[in-house]
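Fold and geometry: a report
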Amino acid sequence: MFGDVPPKRSDLEQELSDLHNWPAAAGSDRLPGNVSVVDAALALGPADTWWANGSRCARLALIPAVPAALLLVWVWNVRGEAWQATLHSLFGLPGMLVLFVGETVMFTGSAFVLGALWRHLPGRRGPAKALPVALAVAFPVGLDSLVFRFTDESTANLALAVSAMLFVLTVTGIAADFDTFRGERRYWQSRLGLLLSIYQMRYYSLQVAYLIAQVIAMITIWEFFAAPDVAPEPPDTK
């Protein structure tokens, strides 16, 4: 009710119908029936240009990138017998700092690529757009693991690094979707309410399950593949 005169249903229906029209260079163009205004806004990203999208995603990736980089430093330089090698190396401790900075730059750089290619990547939501970038990172890592196989070196930490990259990019994609509608924050009591409004319940539950599956995969790699003593002992030969 607006004042003493109730709004006409036909006027409200027309207003909602007009919201489905997307302004184009040659006038007004109508979005396809299976594409909503929310989908169109998420496809454009949180900023106006590809550079701004990339910079924004790089900044958003800093929060998940720091713990992910610390995890990789722990695996490669601290965990198990690696800590003894780090202490006995002349550049062991400074190398840990260099590794941490390098891994953080790698995560944020990949997030910048995600943002720069945001409008060209497939998928309607950020986590779906993050998957091709993670696969592009995993491809050379897979080739590197083949070399490690021929040199009898462990490839477990590479799998952990790829899973960490996918997790960081997925969280960055969700944060970018949320950042796209940061101007609508004042209409919601909590950030969770806004996120539920953007993703709807089915997409929200799917993304939560997707993140939980990634965390479980990282724990599985940590426990069963990254452990230094998981390889079975060869049988005694006579």
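Here the structure is a predicted model, which is why all the values come from computation and not from measurement.

1. Some remarks on the packing of aromatic side chains
Geometry of an aromatic ring pair is reported as the spacing of the ring centres plus the angle between the planes. Enumeration over the complete set of coordinates arrives at two aromatic pairs. Geometrically, the ring pair formed by W50 and W51 is edge-to-face, given 5.7 Å between the ring centres and 90° between the ring planes. On the basis of relative accessibility, which here comes to 53%, the residue W50 falls in the exposed class. Among the residues examined, W51 registers a relative accessible area of 52% and is labelled exposed. Taken together, the ring pairs in this structure connect W50, W51 and F112 into an aromatic cluster.

2. Some remarks on the pattern of salt bridges
Applying the stated criterion across every chain yields a total of one salt bridge. A salt bridge links D179 to R56, with the shortest nitrogen-to-oxygen separation between them at 2.8 Å. In this pair, D179 is assigned in helix α7 (residues 156–180) and R56 in helix α3 (residues 50–78), connecting sequence segments 123 residues apart. Residue classification places D179 among the buried residues on the basis of a relative accessible area of 6%.

3. Overview of the confidence of the model for the protein chain
Low-pLDDT portions of the prediction should not be read for the details of their coordinates. With 65% of its residues at a pLDDT of at least 70, the protein chain reaches an overall mean of 76. Model confidence for the protein chain, summarised as mean pLDDT per element, is weakest for strand β2 (residues 27–30) at 62 and strongest for α3 at 89. Scored below 50 in pLDDT, residues 226–235 makes ten contacts in the model with residues more than four places away or belonging to other chains.

4. Remarks on the nonpolar core
Core analysis: the biggest nonpolar cluster contains 25 residues, and F107, L114 and L169 have the highest contact counts within it. When residues no more than four places from it in sequence are discounted, the contact partners of F107 are A65, A68, A69, L72, A164, M165 and V168.

5. Describing the side chain of K129
Checked against the element boundaries, K129 lands in helix α6 (residues 126–150). Within the structure, K129 has its side chain in polar contact with the backbone oxygen of W118 (distance 3.1 Å). In terms of polar contacts, K129 uses its side chain to reach the backbone carbonyl oxygen of L121, at 3.0 Å. When neighbours within four sequence positions are excluded, K129 is seen to be in contact with L42, L114, W118, L121, P122 and G123.

Rules used throughout
- Residues numbered from 1 in each chain as written.
- Predicted model: local features only at pLDDT ≥ 70, side-chain atom pairs only at ≥ 80, totals over all residues.
- Heavy atoms only, no water.
- Phe/Tyr/Trp six-rings, centres within 6.5 Å; stacked < 30°, edge-to-face > 60°.
- Buried < 20%, exposed > 50% of the residue type's maximum accessible area, 1.4 Å probe, protein only.
- Salt bridge = Lys/Arg side-chain N within 4 Å of Asp/Glu carboxyl O.
- Helix = DSSP H or I, 4+ residues; strand = E, 2+ residues; numbered from the N terminus.
- pLDDT = per-residue confidence, 0-100.
- Contact = heavy atoms within 4.5 Å.
- Core = buried A, V, L, I, M, F, W, Y, C linked by side-chain atoms within 4.5 Å.
- Polar contact = N/O pair within 3.5 Å; in protein donor to acceptor, adjacent residues only side chain to side chain.

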